[in-house]
Amino acid sequence: MVVDGDVSSQRLLLRVEEAADRLGIGRSLMYRLVLSGEVESIHVGRLRRVPAECLEDAVERLRREQRTHDEVA
């Protein structure tokens, strides 16, 4: 059984605002990441959605980039 607060954590496709909430960032920054392609998104009709797994991919990529940056510095 899914509790109301956990519904978005079960979805495969998230609204940009939901994706921002999951990452703990603001809506504007999330839109920038999506529009720049740093976070993958798809169109479902006229709607833009972020596949939940793409959030994990983006975080892992940021972590790798940070480690590389730290090693160079």
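Chemist: How would you sum up the pattern of salt bridges? Please name residues and give values.
Modeler: All chains considered together, the criterion is met by six salt bridges. R15 serves as the salt-bridge partner of E18, at 3.3 Å between the closest nitrogen and oxygen. By relative accessible area, R15 is classed as partly exposed at 38%. Where E60 meets R63, a salt bridge forms, and the shortest distance between an N and an O atom there is 3.7 Å. Of this pair, E60 and R63 both sit in helix 4 (residues 52–72), separated by three residues, roughly a single helical turn. Each of R11, R15, E17, E18 and R27 takes part in salt bridges that share partners, so that together they form one network.

Chemist: Talk me through a negative patch on the surface; I want residue IDs and the actual numbers.
Modeler: A cluster of like negative charges, contributed by E40, E53, E56 and D57, occupies part of the molecular surface. Following the sequence through the fold, D57 ends up in helix 4.

Chemist: Explain the packing of helix 2 (residues 16–23) against helix 4 to me, using residue names and the numbers behind them.
Modeler: The relative placement of two packed helices is expressed as an angle between their axes plus a distance between the axes. Two numbers describe how helix 2 lies on helix 4: the axes approach to 11 Å, and their chain directions differ by 45 degrees. Judged on the interaxial angle alone, helix 4 and helix 2 are oblique. Note that helix 2 runs across helix 4; the crossing there is right-handed. Seen from helix 2, the contacting residues are A19, R22 and L23; seen from helix 4, they are A52, L55 and V59.

Chemist: So what's going on with the pairing of strand 3 (residues 47–51)? Which residues, and what values?
Modeler: Across two bridges, the pairing between strand 1 (residues 13–14) and strand 3 is antiparallel. Residue L13 lies in a different strand from strand 3, and its bridge partner there is P51. Note that strand 2 (residues 42–44) and strand 3 share three bridges and pair antiparallel. Opposite I42, over in strand 3, you have R49 as the bridge partner. Between strand 2 and the antiparallel strand that follows it, strand 3, lie two residues; G45 among them carries a positive phi value of about 65 degrees.

What counts and how
Residues numbered from 1 in each chain as written. Predicted model: local features only at pLDDT ≥ 70, side-chain atom pairs only at ≥ 80, totals over all residues. Heavy atoms only, no water. Salt bridge = Lys/Arg side-chain N within 4 Å of Asp/Glu carboxyl O. Buried < 20%, exposed > 50% of the residue type's maximum accessible area, 1.4 Å probe, protein only. Helix = DSSP H or I, 4+ residues; strand = E, 2+ residues; numbered from the N terminus. Patch = residues over 30% accessible without salt bridge, like charges linked within 9 Å, V, L, I, M, F, W, Y side chains within 5 Å. Areas by Shrake-Rupley, 256 points an atom, 1.4 Å probe, with all protein chains shown as cover. Lys, Arg positive; Asp, Glu negative; His and termini not counted. Charge placed at Lys NZ, Arg CZ, Asp CG, Glu CD. Axes fitted to C-alpha atoms, helices over the stretch in contact; angles between N-to-C directions. Parallel < 35°, antiparallel > 145°, perpendicular 65-115°, else oblique. Left-handed = near helix turned anticlockwise from the far one by under 90°. Contact = heavy atoms within 4.5 Å. Pairing = 2+ DSSP bridges.

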